[in-house]
Each structure stands twice: as C-alpha cells, then as structure tokens.
Amino acid sequence: MLYIIDILGTIAFAISGALVAFDKRMDVFGIFIIAFVTAVGGGTLRDLLIGHTPVGWMNDLTYTYVIIVSTIFAIGFRSKLNYLRTSLLLFDAIGIGLYTLIGLEKGVELHLHPILCIALGTMTACFGGVIRDILCNEIPVVFRRETIYATCCILGGVMYFALGVLPLDHNIVFLASGTIIIATRLLAVRFKIALPNIYRD
Amino acid sequence: MLYIIDILGTIAFAISGALVAFDKRMDVFGIFIIAFVTAVGGGTLRDLLIGHTPVGWMNDLTYTYVIIVSTIFAIGFRSKLNYLRTSLLLFDAIGIGLYTLIGLEKGVELHLHPILCIALGTMTACFGGVIRDILCNEIPVVFRRETIYATCCILGGVMYFALGVLPLDHNIVFLASGTIIIATRLLAVRFKIALPNIYRD
Amino acid sequence: MLYIIDILGTIAFAISGALVAFDKRMDVFGIFIIAFVTAVGGGTLRDLLIGHTPVGWMNDLTYTYVIIVSTIFAIGFRSKLNYLRTSLLLFDAIGIGLYTLIGLEKGVELHLHPILCIALGTMTACFGGVIRDILCNEIPVVFRRETIYATCCILGGVMYFALGVLPLDHNIVFLASGTIIIATRLLAVRFKIALPNIYRD
C-alpha cells in the first residue's frame, strides 16, 4: 500500500518536473533529468547528508523505470496534461505526505533529535523541487510567497512527534500525521493559504 | 572563546543570508532556509566531500537554534539592519577567519596535502555564500570582481602552513593566521582591494 | 596512455569552464573555481552518490595542478583561444569518452545494474558542465536543444555492456565503446545532430 502511494508520488513529482522542463524548452534528455531530480532529489540530498550511500534510487530501479515511463507519458500527452492538473495536485499532496514521513523515520532510525528528523522529512519532500528549480534557473518556488508547502510537511512532522508521546499504535501516528500534511496542503491550494506577508506591498 | 566566535560568525552569515532573501522577496520559510544554508552550507559541503556524515550541523543543534533566532531577529528588525552593516561586516570577517581554520584543520586531521587543507578551509568559509547565491538565482558574489574575500582565506591558510614549519605554539599559529584573514578582509573592504582586473574595461 | 587522455580531457574541461567564466566577467578566483568544477564536478558528484570519500580529486593532486595551469593559460591566451576551438572540441570529445567509461566502471566495481553504471558514466562526463552552468546562472547547456552530448555517452555505455556479453578482451570493449562516444560526438558537432524536437516551432 505504502509502495503504491510512493509510486504515485514519484509519478506526480516526475510529471511536475517534466512540465517545468517543457516551459524551459529543454530537449528530451533534459526533460528526463529534470523529471528524475524532481522525483528523487530530495531523498538523495537526505541520504548524502546522513551518509546513506549508495543513495536510495540506486538500490531499487523501480523508481528509475517509473520516472522514464512518466517522462514518456508527459512528453506524449503534454498538450493534455492540463486536464490532469487536479489529479497531479492530489498525487503531489499525497507524495509529500509520504515522502516527509519516510524521510523523518530515517532520522528516527539514526536516533536524531526530532527537529532534525522533521528537517530530513521536509527536505525529502521539498528539495527535489528545489533542485528542479535551480537546474531550470528559477528561484525555488517553495521559497516564494505562494501557498504553503514546506510548512505542511513541518506541521505533519510536529504532529508525528506530538502523537508519538501518546500510547498510540505506530500506524495510527503515521496515518494521522500523513493526513495532516495532505489535508493542509489541499486546503492551502483550495483557499490560497500563504505564510504571513512580511513585506509592505 | 572559539565557540563564541563561531556563534558570532553563524549570526553574521545567517543575517547576510536573510538580507539576500529579503531582496528576492521570499516568504518566511524561504528566508530561514537561505539563512541556514548561508551559515552551514560551506561546512556541509566540506563534510560531504571528506565523508564526515551525518554532517556537522546534525551533531550540535546550537547552530540551528542560533540561525532560527537570527532569522527572526532579521525579519523583525529588517528596516533597521542597515545600522548594523558595519557590525555585520566585522562579524563576517571574524567568521570567515574562524571557519577557514576550522575547515583547514579537518583536512590536517585527515593528513591531506596542505593545498587540499587550504581548499577545504576556503570552502568552509565561502561556499555557504555560494549556495545562498545559487538558491537566490544570482552569480555567486565571491566569483565576481569585487573586494577580495576567498583570497583572504587562502592567504590565511598559506600563513598557517608557513608558520607551522617554525617552532611556534599551535595557538599562536592559529591566532596569527586567523588575524591575517580578518585583517586582510577588513582592509579589502576599507580600501576596495580587488584581484587584478584581467578585462579591458 | 589512459592517464594522458585523462589529463587532456581535464585540460579541455578546465578551459571550457574558464571560457564560460570569462563571458560572465568573473575575477581570477571565480574563473579558477569554474574551471575546477567543470573538470572534476561530474566525478565528484558520482563519488558522493556512491559514497567514495574523500572524493577523487583529493586523492591525486595532479588534477588540481593541471587545472591551475590550464586556467592561467586560458587567462593569458584568452584572446587567442578561438584558434584552439577545434582542438578543444576534440579534447572534450575524447574527455567525455574516457570520463564516461571511468564512471561506468566504478559502477561495475560496485556490482550495480548496467542502467546505473551508464548513469554514473554519463554523470561523470556531463555533470561538471551542469555545475559550471548552474554556478554561472545559466540553464545547463546539456539539457538544451543543441547537438547531442549526453546521448553519446549513453550510446557508448550501452555499447560497453552489449559488447561485454561477447567473448571479447576487455581492452577491445573499452576501446570500442570509447570510440563510439568520441565518434558520435564529433559527428554530432559536424552535422549538427540534435535529439528529435518535440516542440512545434
């Protein structure tokens, strides 16, 4: 079940990468690389920082295959991807929910402080997009004043540790904090929720 | 004492990061991430290259707390940060002095060649700013034709090894080479010292 | 012999980095760093991902010396580098041929799947240029719709494994797949071969 969610998230990330690469009018190789780093970049950065090498995507080729197929699909149906925008948004929200918790639990395994675990989780979910934007010569969208994204991951991470002190089953904690991330992200998109604006304009 | 200097350097780097993020009109999350990578990015890159994982900032949360407080301070007092520009310049000079020597001594511990030690030191001091500028979609300021910065770190590193062949106490070598970095940097700012211009304009 | 080819490739990459840095009007320090990352960035990224630390260029200072000399040469003769453009193109083609196979064989040593080996080889050859372009605030040229470059590396990598199933001497496999990379790259430049254009313009 988790594996299926993981794959759905990978597809959503890969297609979001391909869409940005289309806008930059890259060639097929460029589109694939951008799709790839968007999908696995966050987890790769996390693995590098904690010293888990060879990094994640080298241990299971499924991700590579899924990203290749997603890229081909995105190229073939690029004029029709707009119809999928809502599905992609949903997959992406589910994806960051799961990626955050996967990253966070890597920190827990290493007995890292909860703050670092939440940082690793947020990084896993958000930094693929950061690397995508850097490679596309854009200021990363997650740093800009748009709807909250990383904040949802952080909220879910805080919830994970808050619920963890209660005598709850691990699956319930996992499910509840994942749901928080997905729900706050979808609400943020629906109601255009952003962080407080600190600028006078 | 060294620890206090380290914290002052971290504060200066974090605030310099926040200032660049303001210019790019990032949201609060973006400002914090830019402050964070500016302060710890150089040391993180160094740790990755030499294989010291989990990387430095994961082993002592003090840096994270200091950067959080510095970011909040920078956001709260951003209209008044101009008054602090001279203090920040001083802290930054002290910071690169210390960061260079910390990075350099990591290389010495690994018995690396002096050239590599100096490279690691310079990287520790300068590459947080490089990553900051990349994330902000700018050509890194340290590569541009402005007052010397990395060159001061290299000079201090050369001094470290030059003095090291003399029968001097380690503390004196450390202090003298750190002073070289800080002094040349402050002189460079004061007298607008740049590397020789190789362009005809 | 391989070592000489490696050095020629390093020179070509370093000079190509310096040329981009000139266009951005960087100072001498910036030019050297761009030359350096162009030459060793791909191999460094590969070593980080597979956990080979300290990374490659820390184990043999020859590369650093070659890059320093190449940078000084490029600065001194920058107005005349145009005359060298054809030689540089040739060295660069030879360089990516060798770098691809060096990177690929690191994957073979780790018993990685051929797809990952080819990915590591292509990364070794191409990602120095990617990092160069990111530091220079450009969309990486290898992702843009110009003559094929990474594709040549991938072709050579596929050839390496295809020939590997035959009862051939390893040197012949190495030579043949390297030749494929160099030849397809030179043909691509000569006849302006690009990947199929997926855009309607």
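Starting afresh in each chain, residues are numbered from 1 along the sequence in its written order. Chains and ligands are labelled sequentially in the order written, the chains with letters from A and the ligands with numbers from 1. Local features in this predicted model are restricted to residues of pLDDT 70 or higher, and side-chain atom pairs are both shown and tallied only at a pLDDT of 80 or more, whereas totals for entire chains, interfaces and linings draw on every residue. For the side-chain quantities, the full set of heavy atoms in the structure was used; hydrogens and water were omitted.

Glancing now at the interface of chain B and chain C. With 29 residues of chain B at the interface, the matching set in chain C holds 28 residues. Defined in terms of a 1.4 Å probe, buried area is the accessible area two parts forfeit on being brought together, summed over both. Across the chain B/chain C interface, buried area totals approximately 2,500 Å², and carbon plus sulfur atoms make up 71% of it. Only one rule defines a salt bridge in this text: a Lys or Arg side-chain nitrogen within 4 Å of an Asp or Glu carboxyl oxygen. Across the contact surface, chain B and chain C share 0 salt bridges. Any N or O atom pair separated by 3.5 Å or less is treated as a polar contact, with the protein-specific requirement of one donor-capable and one acceptor-capable atom, and with residues adjacent in sequence counted only for side-chain atom pairs. Taken together, chain B and chain C are joined by 5 residue pairs in polar contact (both at pLDDT 80 or more). Under the scheme used here, helices are H or I runs from DSSP no shorter than 4 residues and strands are E runs no shorter than 2 residues, and both carry numbers assigned from the N terminus. Residue assignment for the side of chain B that touches chain C shows that the elements contributing at least two residues are helix 2 (28-50), helix 5 (114-135) and helix 6 (150-164) of chain B. For the side of chain B that touches chain C, the element with the highest residue contribution is helix 5 of chain B, accounting for 8 residues. Looking at the side of chain B that touches chain C residue by residue, the classes come out as 21 nonpolar, 4 polar and 4 charged. We call two residues in contact when some of their heavy atoms are within 4.5 Å. Residues are sorted three ways: Asp, Glu, Lys and Arg are charged, Ala, Val, Leu, Ile, Met, Phe, Trp, Tyr, Cys and Pro are nonpolar, and all the rest, Gly among them, are polar.

With that out of the way, let us pick up empty space enclosed by the protein. Buried and open spaces are told apart on a 1 Å grid over the protein atoms alone, a cavity being a set of points where a 1.4 Å probe fits but cannot get out and a pocket being an open set with protein on both sides within 12 Å along at least five of seven lines. Residues with an atom within 4 Å of a point are the lining residues. Grid points are joined across faces, edges and corners, and a volume is the space filled by probe spheres set on the points. Taken as a whole and assessed by the stated rule, the structure comprises 2 cavities of 30 Å³ or more. Considering only enclosed or pocket space, the largest cavity measures out at about 70 Å³ in volume. Lining the largest cavity are V141, V142, R144, E146, T147, I148, Y149, A150, T151 and L195 of chain A together with D27 and F29 of chain B. Across the lining of the largest cavity, the residue classes tally to 7 nonpolar, 2 polar and 3 charged. Of the pockets and cavities examined, the second largest cavity occupies roughly 50 Å³. The wall of the second largest cavity is formed by I134, N137 and E138 of chain A, I134 and N137 of chain B together with I134, N137 and E138 of chain C. For the lining of the second largest cavity, a count of residues per class yields 3 nonpolar, 3 polar and 2 charged.

Moving on, we come to the side chain of E105 of chain A. Mapping E105 of chain A onto the fold places it in helix 4 (residues 85-109). Exposure categories follow from relative accessible area, calculated using a 1.4 Å probe and restricted to protein chains: below 20% of the type maximum is buried, above 50% is exposed, and the middle band is partly exposed. Charged-residue counts in this description rest on Lys and Arg as positive and Asp and Glu as negative, His and the chain ends being excluded. K106 of chain A provides the closest opposite charge to the buried, salt-bridge-free E105 of chain A, at an N-O distance of 9.6 Å.

Below, the discussion takes up the relation of the copies chain A and chain C. When the copies are superposed, the least-squares fit takes in the C-alpha atoms of residues with a pLDDT of at least 70 in both. Turning chain A through 120° and shifting it by 0.0 Å along the axis lays it on chain C, with an RMSD of 0.0 Å. What the superposition gives is, in effect, a three-fold axis relating one chain to the other. Among all residues of chain A, the minimum C-alpha distance to the rotation axis is found for N137 of chain A, at 3.8 Å. When the interface residues of chain A are mapped onto chain C, a mere 11% of them are again interface residues, pointing to distinct binding faces.

Along an α-helix, residues three or four apart share an orientation, since each turn contains 3.6 residues. An expected span of 1.5 Å times one less than the residue number is assigned to each helix. For helix 4 of chain A, with 25 residues, the first-to-last C-alpha span of 36 Å sits near the 36 Å given by 1.5 Å per residue. Looking one or two places after helix 4 of chain A, you find H111 of chain A, whose phi comes out positive at around 60°.

Residues and elements named next belong to chain A. UniProt positions are given in the numbering used here, feature names are shortened, and annotations may be inferred rather than shown by experiment. As recorded in UniProt, the sites labelled "domain: Glycine transporter" (unreviewed entry) are residues 4-77 and 90-163. Regarding residues 4-77, the helix share stands at 78% and the strand share at 0%, and the terminal C-alpha atoms are separated by 23 Å. With 76% helix and 0% strand, the stretch residues 90-163 has end C-alpha atoms that lie 25 Å from each other.

Right, let's talk about a nonpolar patch on the surface for a bit. Like-charged residues within 9 Å of one another, or nonpolar side chains (Val, Leu, Ile, Met, Phe, Trp, Tyr) within 5 Å, are grouped into patches, provided each residue has over 30% relative accessible area and no salt bridge. Surface accessibility follows the Shrake-Rupley procedure with a 1.4 Å probe radius. Residue values consider only the protein chains on display as shielding. Together, Y65, I68 and I72 of chain A together with I115 of chain C make up an exposed nonpolar region whose accessible area comes to about 340 Å². For the nonpolar patch, the leading source of residues is helix 3 (residues 62-76) of chain A, giving 3 residues. The class for Y65 of chain A is partly exposed, based on a relative accessible area of 39%.

Moving on, we come to the UniProt feature "transmembrane region" (unreviewed entry) in chain A. All names here are of chain A. In the numbering used here, UniProt assigns the feature "transmembrane region" (unreviewed entry) to residues 6-22, 29-49, 61-77, 84-104, 110-135, 147-166 and 172-191. Counting secondary structure, residues 61-77 comes out at 88% helix and 0% strand; the distance between its end C-alpha atoms is 24 Å. For residues 147-166, helix accounts for 75% and strand for 0%, while the C-alpha atoms at its two ends are 31 Å apart.

For the rest of this paragraph, the subject is the environment of E146 of chain A. All names here are of chain A. Locating E146 in the fold gives a position in the loop between helix 5 (114-135) and helix 6 (150-164). Counting along the chain gives 47 residues from E146 to I193, while the straight-line C-alpha distance between them is 7.9 Å. The contacts of E146, once residues within four sequence positions are left out, are V141, I193 and A194.

Moving on to the packing of helix 2 (residues 28-50) of chain A against helix 3 of chain A. Residues and elements named next belong to chain A. Axes, fitted as lines to C-alpha atoms, cover a helix only where it is in contact. Angles between the N-to-C directions of the axes lie from 0 to 180 degrees. For the pair helix 2 and helix 3, interaxial distance at closest approach is 10 Å and the crossing angle is 130°. Between helix 2 and helix 3, the angle is such that the two are oblique. The chirality of how helix 2 crosses helix 3 is right-handed. Where helix 2 abuts helix 3, its residues V28, I31, F32, A35, F36, A39 and V40 lie against T64, I67, I68, T71 and I75. A class-by-class count of the residues in the contact of helix 2 with helix 3 yields 10 nonpolar, 2 polar and no charged. Small angles under 35 degrees read as roughly parallel and large ones over 145 as roughly antiparallel, with 65 to 115 read as roughly perpendicular and the rest as oblique. Rotating anticlockwise by less than a right angle from the far helix to the near helix defines a left-handed crossing, while the corresponding clockwise rotation defines a right-handed one.

Bringing helix 7 (residues 170-191) of chain B into the picture now. Residue and element names in this part refer to chain B. For helix 7, spanning 22 residues, the distance from its first C-alpha to its last is 31 Å, which sits close to the expected 32 Å at 1.5 Å a residue. When helix 7 is considered as a whole, its buried residues turn out to be V173, F174, S177, G178, I181, R185 and A188. Here the buried residues of helix 7 occupy an arc of 125° about the axis, which is enough to place them on one side. Opposite the buried face of helix 7, at more than 90 degrees from it, the exposed residues are N171, L175, R190 and F191. If you follow the buried residues of helix 7, they end up packed against helix 1 (2-23), helix 4 (85-109) and helix 6. Where helix 7 starts, the residue carrying a side-chain oxygen 3.1 Å from the main-chain nitrogen of N171 turns out to be D169. Taken from the residues just after helix 7, K192 is the one with a positive phi, measuring 50°. Here the arc refers to the set of directions running from the helix axis out to each C-beta atom.

Enumeration according to the criterion identifies 12 salt bridges over all chains in this entry. The partner of R132 of chain A in a salt bridge is D133 of chain A, and the shortest N-O contact between them spans 2.9 Å. The class of D133 of chain A is buried, set by a relative accessible area of 5%. Notably, a salt bridge pairs R46 of chain B with D47 of chain B, separated by 3.0 Å at the nearest N-O pair. Residue R46 of chain B is classed as buried on the basis of its relative accessible area of 6%.

Turning next to the nonpolar core. Counting residues in each nonpolar core, the largest one holds 195 residues, and the members touching the most others are F143 of chain A, F22 and F143 of chain B together with F22 and F143 of chain C. Those residues in contact with F22 of chain C that lie beyond four places of it in its chain are I198 and Y199 of chain B together with I31, A74, I75, R78 and L81 of chain C. In these notes, a set of buried Ala, Val, Leu, Ile, Met, Phe, Trp, Tyr and Cys residues joined through side-chain atoms within 4.5 Å is what counts as a nonpolar core.

Moving on, we come to the packing of aromatic side chains. Classification of ring pairs rests on two measures: the distance between centres of Phe, Tyr or Trp rings, Trp counted by its six-membered ring, which must be within 6.5 Å, and the angle between planes, read as stacked under 30 degrees, edge-to-face over 60 and tilted in between. Inspection of the entire model under this criterion finds 21 aromatic pairs over all chains. The ring of F191 of chain B carries the charged tip of R190 of chain B above its face, separated from the ring centre by 5.0 Å. Distance and angle both matter: a charge sits over a ring if NZ of Lys or CZ of Arg is within 6 Å of the ring centre and within 35 degrees of the ring normal.

Further remarks concern the interface of chain A and chain C. Facing 28 residues of chain A, the contacting portion of chain C comprises 29 residues. Carbon and sulfur atoms make up 71% of the area that chain A and chain C hide from each other, which totals about 2,500 Å². On the chain A side of the contact with chain C, R25, F29 and M58 of chain A bury the most area, a combined 27% of that side's loss. For the pair chain A and chain C, the number of links is 5 residue pairs in polar contact (both at pLDDT 80 or more). Residue assignment for the side of chain A that touches chain C shows that the elements contributing at least two residues are helix 1 (2-23), helix 2, helix 3 and helix 5 of chain A. Looking at which element gives the most residues to the side of chain A that touches chain C, the answer is helix 2 of chain A, with 8 residues. A class-by-class count of the residues in the side of chain A that touches chain C yields 19 nonpolar, 5 polar and 4 charged.

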